[in-house]
Structure formats: C-alpha cells, structure tokens
Amino acid sequence: MTKCRGRRRLHLSNIYAFKGRKSSFQEDHSQIGGPGFSRVVYCNEPNSPASERRNYAGNYVRSTKYTAASFIPKSLFEQFRRVANFYFLVIGALSLTSISPYSPVSSLLPLAFVIAVSMVKEAIEDWGRKKQDIEVNNRKVKVHDGNGIFRQEEWRNLKVGDIVRVDKDEFFPADLLLLSSSYEDAICYVETMNLDGETNLKVKQGLEATSSVLHEDSDFKELKGVVRCEDPNADLYTFVGTLHSEEQRLPLSIQQLLLRDSKLRNTEYVYGAVVFTGHDTKVIQNSTDPPSKRSRIERKMDKIIYVMFGVVFLMSFIGSIVFGIETREDRVKSGGRTERWYLKPDDADIFFDPDRAFMASVYHFFTAVMLYSNFIPISLYVSIEIVKVLQSVFINNDILMYYEENDKPAHARTSNLNEELGMVDTILSDKTGTLTCNSMEFIKCSIAGTAYGRGITEVERSMAMRSNGSTLVGDELDVVVDRSGPKIKGFNFEDERVMKGNWVKQRDAVVLQKFFRLLAVCHTAIPETDEATGAVSYEAESPDEAAFVVAAREFGFEFFSRTQNGISFRELDLASGKTVERVYRLLNVLEFNSARKRMSVIVRDEDGKLLLLSKGADNVMFERLAKNGRHFEEETRKHVNEYADAGLRTLILAYREVDENEYIEFSKNFNEAKNSVTADRESLIDEITERMERDLILLGATAVEDKLQNGVPDCIDKLAQAGIKIWVLTGDKMETAINIGFACSLLRQEMKQIIINLETPHIKALEKAGEKDAIEQASRESVVRQMEEGKALLTASSSSSSQEAFALIIDGKSLTYALEDDFKKKFLDLATGCASVICCRSSPKQKALVTRLVKSGTGKTTLAIGDGANDVGMLQEADIGVGISGVEGMQAVMSSDIAIAQFRYLERLLLVHGHWCYSRISSMICYFFYKNITFGVTVFLYEAYTSFSAQPAYNDWFLSLFNVFFSSLPVIALGVFDQDVSARYCYKFPLLYQEGVNNLLFSWKRIIGWMFNGVFTALAIFFLCKESLKHQLYNPNGKTVGREILGGTMYTCLVWIVNLQMALAISYFTWVQHIVIWGSVALWYIFLMIYGAMAPSFSTDAYKVFIEALAPAPSYWLTTLFVMFFALIPYFVFKSVQMRFFPGYHQMIQWIRYEGHSNDPEFVEMVRQRSIRPTTVGFTARRAASVRRSGRFHEQLNKNFIAF
C-alpha cells in the first residue's frame, strides 16, 4: 500500500456507512451544563487556574486493599472482626485485673503473636497488588509539554486536559477525545477486548475541525479548546459532549472517545485530549472496590465459635451458681473454722466470703469465663493463616500450572480463599481470551456443493481419542489428523484438490475462482509489505477477516495493495495458467453489524462489470438467494450443519452482478442516507442496503475454527464430570458465543436451546417509531413471556422420563430486564434448570450482576474467570475471582484472587489443589475443636471437682502453651501435606469433588462428632487419672498426689492423646508429619524439665515436678499408657466400621485403590458414569447422549450396576 511520510492518505470514511464526522446536535446535547453533564475540560491547559479549580481526579489507580495510612486501623479491624480474636482481646483486658486466674503475660502474649502474624501476611499479599499497580501507573506515554514537543511521561502524572500521542499497539492511558490520527480523515482502529471481550476492531473517527489542522507534533503548540461533557459514568457505549474551538460548537459522541485500556491497532498513531482520568474513566467506573472476601468455611467457623461461646458462658453461669451456693453455706463450724478453711475466706475481699455470696458468684463468673477460654482455640486463626500461605506457595510453584511459552506460573494473590477452590458449584467464564486464544484458523470450506478440507478440530480430536479413533466428520472424507499444528497463522487447511493451484483441475473451477476472489476482495483489511522479504501481512478488523484473507493468499489469490478506491490482488489466470495482477475498483463497503449479520462490497472489475460480493450468516444469506442461485443449497446446508457440529464458525459466500442503472440509483440513495442527520439515519441505510443485497448466487461456505486454548474441551469435560455448572458471560454476539459453546462442548446438537432476545417484529417496529416507553414496556413483557415459556419446557421435561438437556442463551438487552428485582428470581430458576447458560452482549455491569445473582440466589460458591478489564466487576463479585494472565492487559489479574495463564489449569486448580485445600482445612478445624474441647473439659472437670473454686488444673504456662507449642505443629503439617487421595485419583474420579460442593467434610454432623470425641477423651483423661492416683503414695517418702502431680499427669496424657489422634487422622504420612507429631511430644518433656529447673518464683508449682515426682513414679508411666489406649480405641473402631460399611467418596476411592480396581478400565468407567447425567455438559456427556439415543445406554448402565 502507498505510504506517506506523515499520514496515510486513505480516506476510508468515504467507503464506510458509519456517520463519520458529520455530527449533529440531537436531544442528548441539550443537557450539557445541567445535572450529570457538568464536566469542563480545558484542552492543552491542564495547569491553568481554571483547570486546577475543577480538582478532577488524577490518573493514579490502585487495586490494593490498604493504603499506608489505613493499613493499621483497617487491618486491626479485619483481625478483631473475627469473633475469637475479639474474645481474647476482652480476656486479655480482664487478665490485668485481680480476678484473673493466671498472669496477664501468659494471656496477652499469644494474642499479640496471633495478630502480628496475620497482619504481616495481609501486608505481604497487599504489597503484591501494590507492585502490579506500580507497573501500570508507571507505563509511559507521550505528553505535550506546551511548546509543540511531546515528552515521555508516566501514566499516573496525566491530568485532565493533557494532549497525548499514542502509538500503534499501545494502550490508551485514560479516556481520550480523538483529535487526529495517522489517516487523513482521523480514522483509527481500536481493540476493545479489555472492555467488552470482543476481538474485532472498532472504527473511531475524530472531528474534521481538529484533524484538518492537527497533523504534526508542532501543530499542537497553539491548540486551545474547551470540552463540555457528561460527568463520569459507567456506560461504555454512550458519550455526550461538545467541543468549543475557535467560536465553533461541535457535537461529540462515543465515536470520538477512546477508552482507557483499549488498544490502538492498524493505526500508526493518534493524538487525543484527556477527558477522564484514573477512577473517573469508564472502565474503572465499571469496577468496584476490592472486597474483603471470606470463605464459607471461615464464616461457618465463626458460627462454631459462637456455639463455643455459648458453652463457655453456660458452664461459667452454672459454675457460678454452684459456687455461690457453696460459699453461702460455708459457715463457721463448731471447731471455729469454716468447712473450706483452706480457702481462707476470712482474708478474702469478696471471694469465698459467706456474707457476700452473691457478689462472690458474680466475680466467679468472670473468672470462670477467663478460665474456660481454652475452649476457644486462640491459635486456630494464626495456624490457618500459616497453612493457607504455605498452600499458596505450593499452588504458585506447581510446575503443572506453569505456562512456559509466556513464562507465567500460577499466582495465588490471596490465600484467604484456598478452601473455597474445593467448593465451587458454578463457574462464570468470559469467552474471548479466556476460553479462546484470540486466533481464528481457516480449516474447511464448501464450494459448489463439494466439501474441502481434511483438517480436524480440537473438539473432533477430543471425541476421536475417546471413541476408538472415529470422528464426527463425513465418512466420504479421508480424514487426516495433523498433529504438527498449523504452519501458517490463521490457516490450518489441508486438501490437495485445491492447494498448490490444483483447484483449476476441478470440475467447478469457475465457481472456485469466484469463491477465492470473493475472499480476496470482500473485506476491509489493510496489507503491510515487508520491504526486505516482500512478504505480505494483514491488519484486519477481526480475526475472522484476517483468516479469510490469509486463506485467499494460500489458495493463490494474494491481496497485496489497497488504495483510496481500489483493491489489488494476484491470481492464477485460468486461460493462460500464469499469475496475473488484477485491480478492482472499490465503490462501497456495507459493513457487518449484529443486526445485519452480513458484510458486502460493491466493486467494478477490470471488464467494467459491477459486482456485489457478500458474506454472512446462513440464516440471513440463504433467504437472499435468487431462484437460479440455489444450485448447491442442499449440499451447502448439509456441510454447514456438519461444520457446526464440529464447533466451527460458518459464513455463506454469494455474489451477483449489478445493473448499471440500479447502482446509480443505489449510490444516490445510499449517499443521501449516509449524510443524513436525522434520528432514523440507520434505518434508512438498512432499507437501502436490504434492497441491494438480494437475488444472490450461492458460491459456498467457509468454516473457521475460533481457536480454543489448548485443553479447554478436556478441562470443561472434567469440571462437568465433577458436577460443576459452567456459565459463559461474553460481550460477543450471540452467534459467536453459540459456536464457541459447541466447540467446547457446552452445547450439543440434541440439546434444546431456550433463546431469549428482543428481535421480534413488534419491538423492531416500536424501535423505528422511537417510542421509548412503549419499547421498554414491550421488551419487558417479551422477556418475561419468554422466560415463562422456557420454564414450562423445563417443567414438562422434568415430569417426563426423558430428562432432556436444555441450554439458555440470552442477549444483553433481554438481560437488562431479566435482572430487574421483580424478575431476577424467575430468571435464576430458569437458568439453574438448564445444563448450559450463555449470556451474550453482556456489559461489565451485567456480568457482575449475574454473578451476584447466582452467588446470593443459590447460596453456593461461585467462581468467575476472565482476562480483561471488562471482567473486573465479575471477578470481584464472585466468591473466587480467577484472572487469566494472558497477553492483553493486567486489569483482570490485578483484581483477581488467583491468576493462571490458561483456562485448562482451572482443572488442576480446582480438582486437585481445591479438593486438597478443602479437605485439609476442614479436617484441621475439626481437629482444632476436638483438642481444645478435650483440653477445656479437663479444666472444667477439675474445677468442678474443687467445688468451682476457680482453681486451674494446670500451671499458667501449661495453659498458655498448649495451643502454641504442644499441639499446633502437627495440625499445621496436616493442613499443608495431607492427601486423602492422590492427584492422579482426583483426575480419574472427578466425582470426588462433590465432597466440597456439598460440604460433606465440614458438615455439622462431622463437627459435632469430633466435639463428642473430645468430650469423651476429656472424661477418660480426668477420671482415669484421678482414680488411678487417688489412693496411691507417690514416692518412697509417703507423699500423696497433689494438684501439681495430678495436673502434670493429666497434661502428659493430653499431649500424647491429641498427637496420637492426629496420627490416626492423617491419610498421607511424610517425614514432616513424623517429626512434628513425635517432636511435639518430646518438646513437652523437654519443656517440663527446663521450666521445672527454673527458680520457684517463676516456675511456681512446676518446680522440679518432673525430675523429682513424675519421672521416678511407675504409676505415672502406666497411667499415661493406659489412658492413651482407652481414649483412642473408640475413634479407631468407628473409623474402621465407617471405612468398611459407610465410606465417604474419598474413602471409596481409597478402598478401590486398596482392592486394586483402579487399573481396571471398565470398573473406572462404571464409577465415572455416576457423575454423568443427561444434563451434564462436556464431550463425555455428548458421547453418553449419543449412546443413550442409540438405545444402548440403559442396558450398559444396568450391566455396570450389577457388576458393581
């Protein structure tokens, strides 16, 4: 193509149908200056007094949870909103008073340690977010310095009114008013994938008043202008404003606004004025503040803590009543002494004084609350924090989730939600860049009723691997699976009949020639020729269009130049057999949009013939064929259906010759409509193009694979087998989303589609009439009616024996009404009854609202996954937000909880790490309450034994260090290393994941079971120790057992039993577990000797108790051994019976492995069938549906069941 040194001399606006620069003042502009439209921007004067008085937001953005100023107060609030931490804060304050049963240091020190560790963890995680914010805010852009020179400046320093220059393939740093571009008519191409998920390029155009005078950097020296526009808002698709420049008042629309995080494509550079900065930009207006997310298990844990509070207060209350009665009745006896003389009631201020028994019981209540605080595990939160951080380290360093191509490992940006990964019920996924990798490949075509292309799609390959090598394509083709991958980007076509010029030998060579010419001419791509190699590359508005032009080149029709009104290409001449250059004069482009579903060009060939070349969706193209243009319709329809089954995107290609007079009339009307400034301009253009695009002659169809990321079908299949529901929320048009649904097996042919849209004739008529209220009312009624009809279909299916699968597909306009408060429950009921849900043309706000509805309406865990800025609201609204760290921007990753490089890694993240984290955290919390109840009940029983005199059974430091040193490390090791099932079996039996979805491992039944186990263990420890030592002399000197000896023996039994209980509960032993379990027991003996050797003023009643009293006594060791066996036998018996007769999912798999069935393919397949239902998606379910239709399904299932 022709290039000039400064600007490309292509007036592309002349051939497009969009409004271009001929704007008009319509009713929206009358609001300028009123409420909601008060923004004033002084272009090129960002530092003027008038600008500074406005005090607009800067361009610095942050996604962090804390700032330097808010970290301490906000982090302390986060810690003390945990009810257990607040409880221990109150206990710590009470320990400073005289009613405390132990020293304040032993109470406050563990609390300070717990809070400090948690705050350090929060700081480290937020620093990671801060570094990503720094990366974005420090990006560079060229900014006008006021003297006609543009200098590099960081994004964060931009101000409203600055003039910036953005070069090709750079992101826009703020919302900009387009002033001029490298094209003379101020055209520029913008990729908005980060905003709406679409990869097709949008065409923007600046005003003629600015682009005609602003050509070079120096032209901006004298630029002055004032923009008056709407205030910051979240609407991505509208913009209302005016530009006042040199006594002109020019209207502005969304056509002139370049949005932050969009990318400049196919345009060398643009100049723009900054209108909105930072948090005022539309993309960030669509996001919300980073939420403080807490997992369901943590919230349930708080409820358990509340229950334990109730138990503590109840025990304290009962003990206080008993203590008050005992104190009141403790009068002076005949010997001149009270019955409890050893408590010295005569010296007591209130305690033990019979004359003030009521106040004594009140004081006792507070003392007992402090004494029983061991029921609440103070180290639970900090242990979970440590475990979650270590779990996150394993996730971050998992080599199987490392994407070598982009050097991107998985990154858990917060560790608060690890266990939630094992409880996901619904995944809400973006499409573009998440399921797909943003590349299209030309793979098949049908020309003149003959199918060409021997390639195989990813969906077919996945099906073939699981169907003994058979494929889903026609038997007449000798299908060759090309495992080497495409050698040319956008082209994965193999067929010797048409490649390398062999198409000329085909019977319908003339039709093939017209087909390939249409591919080479009917587009808006721009060629770039490498001067060194002569190779031609293309920059297209969409990946589809680029794939078509590349395909034409590979077939021998190379498009190489575009001028103002001409398209040049090389082709093989049928007559001479030589390559010749042809130039077609380009007259008009009738561009594609979602309503037309087609794109056409009108050209004049070298013979002077006028040709209309058209390509579009089958449902709009077949109805526009002439009677004599349908020769291959039946065969083409068949091929198109086969391509759709294989997950391919199809377009129909057709043409016709245009009469000269007809074109003159069309051109006149078309130009009048283009230049119209009336409200019905678009409908006028549609009517004129509708009359032109008729009586077409069919040539054939193309089949393009919207290239899925590697492993997406397999990943979706595994997730579906795990019982996870998958919704797709995309900004793409409905046809594209449906094609991807088929490609990744979310949809299948026999699945009934419930499509909700507003494409009815009645609503279209109202739209033409422009009656807004009537349109809104009719649209609402239509959506409600369609939802009710869909629900009726579901009800009818569920009442029958067929159990059909349904897919709900809804567009963005309909979604607006479906999400209204009065109808959203009806929408959710319909959606949750369907196997697949696809929401098309969804705005970022709608994605977030749908996510919120699913989360709150189902009460189950939701996971949102996306890669663009348009997904931020959705990621933050979901229980878990997963960002794809792809090639386009970092906004999604910065707002996510976990970042992965490819969608396929979600399989391992959920089925392996998710299940492990859920299983570990659940077992860990249950065990924590078990050991603390065991500990607390022994304290309670001892105090009851001492007539509720607030006497602790153990030394102060024994009380404080039990949770910190003698029982914490084994439970941390459990949370980090335990594996109930190996990763291999997590993949082999995805149904295991349902343990987390149904929360079986952290149900109230299991929690209460562990609590009863703790109560039984405490009863065994106290009564067996007390009775065994009650009547014994403890040493040769005749000394009997005192509190220090009984307490030391009970504490020893306690340490042994809780650690041995851990050994019984572990499924996967490593050397770490051995070290921490036996090391904790050994640490108790070491501590007892060191602590007992200290001065009595510090060690108090533990002074030399082990060396001189416990160790020499055989009864101490025999009692410890006997109590251990007695306390643990019930748990061992229960687990043995459960494993044999009532196993859970993971226990079944452990048993299968033990029995050796895991390597039996038939047995494994039979177990898998339990997770396949008629409403399950994925290619395994697709294959099962095929078997079911053949009548062999139930017979096979019965055989498998009998065998099991």
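Every value quoted in this text rests on a predicted model; they were computed, and no experiment measured them.

Draft legend 1. Region of the structure containing the sheet that holds strand S6 (residues 187-191). Taken in spatial order, the three strands make up an open sheet running S7-S6-S12, and their pairing is antiparallel. The sheet terminates laterally at strand S7 (202-205) and strand S12 (263-265), the two strands that pair on one side only. In this sheet, neighbouring strand axes are inclined to one another by 45° on average, regardless of whether the strands run parallel or antiparallel. Summarising the sheet, S6 and S12 pair through three bridges and their orientation is antiparallel. Its bridge partner lying in S12, Tyr189 is registered against Arg265.

Draft legend 2. Representation of the UniProt feature "transmembrane region" (unreviewed entry) in the protein. Those places that UniProt annotates as "transmembrane region" (unreviewed entry) correspond, in this numbering, to residues 304-325, 362-382, 928-945, 957-977, 1007-1025, 1045-1068, 1075-1094 and 1114-1134. For residues 304-325, the helix share is 100%, the strand share is 0%, and the end-to-end C-alpha distance is 32 Å.

Draft legend 3. Expanded view of a nonpolar patch on the surface. A cluster of nonpolar side chains, Leu1064, Leu1121, Phe1125, Ile1129, Phe1132, Val1133, Val1137, Phe1141 and Phe1142, forms an exposed patch at the surface whose accessible area comes to about 930 Å². Here the element with the most residues in the nonpolar patch is helix H37 (residues 1114-1141); it accounts for seven residues. Inspection of the secondary structure assignment puts Val1137 in helix H37. In this structure Val1137 comes out as partly exposed when scored by relative accessible area, which is 37%.

Draft legend 4. Representation of the side chain of Asp126. For Asp126, the position within the fold is in helix H4 (residues 104-137). Classification of Asp126 by relative accessible area gives buried; the value is 8%.

Draft legend 5. Quick look at the packing of aromatic side chains. The full count for this structure, using the stated rule, is 57 aromatic pairs. With a centroid separation of 5.6 Å and 80° between ring planes, the pair formed by Phe966 and Trp1084 is classed as edge-to-face. With Phe966 in helix H28 (residues 956-966) and Trp1084 in helix H34 (residues 1071-1092), the pair connects residues that are 118 residues apart, well separated along the chain. The rings of Phe442, Phe491, Phe493, Trp503, Phe515, Phe516, Phe548, Phe555 and Phe557 are connected pair by pair, giving a single aromatic cluster. Between Arg39 and the ring centre of Tyr56, over which it is positioned, the NZ or CZ distance is 4.0 Å.

Procedures and definitions
Residues numbered from 1 in each chain as written. Predicted model: local features only at pLDDT ≥ 70, side-chain atom pairs only at ≥ 80, totals over all residues. Heavy atoms only, no water. Pairing = 2+ DSSP bridges. Helix = DSSP H or I, 4+ residues; strand = E, 2+ residues; numbered from the N terminus. Axes fitted to C-alpha atoms, helices over the stretch in contact; angles between N-to-C directions. UniProt positions renumbered as here; feature names shortened; annotations may be inferred. Patch = residues over 30% accessible without salt bridge, like charges linked within 9 Å, V, L, I, M, F, W, Y side chains within 5 Å. Areas by Shrake-Rupley, 256 points an atom, 1.4 Å probe, with all protein chains shown as cover. Salt bridge = Lys/Arg side-chain N within 4 Å of Asp/Glu carboxyl O. Buried < 20%, exposed > 50% of the residue type's maximum accessible area, 1.4 Å probe, protein only. Phe/Tyr/Trp six-rings, centres within 6.5 Å; stacked < 30°, edge-to-face > 60°. Lys NZ or Arg CZ within 6 Å of the ring centre and 35° of its normal.

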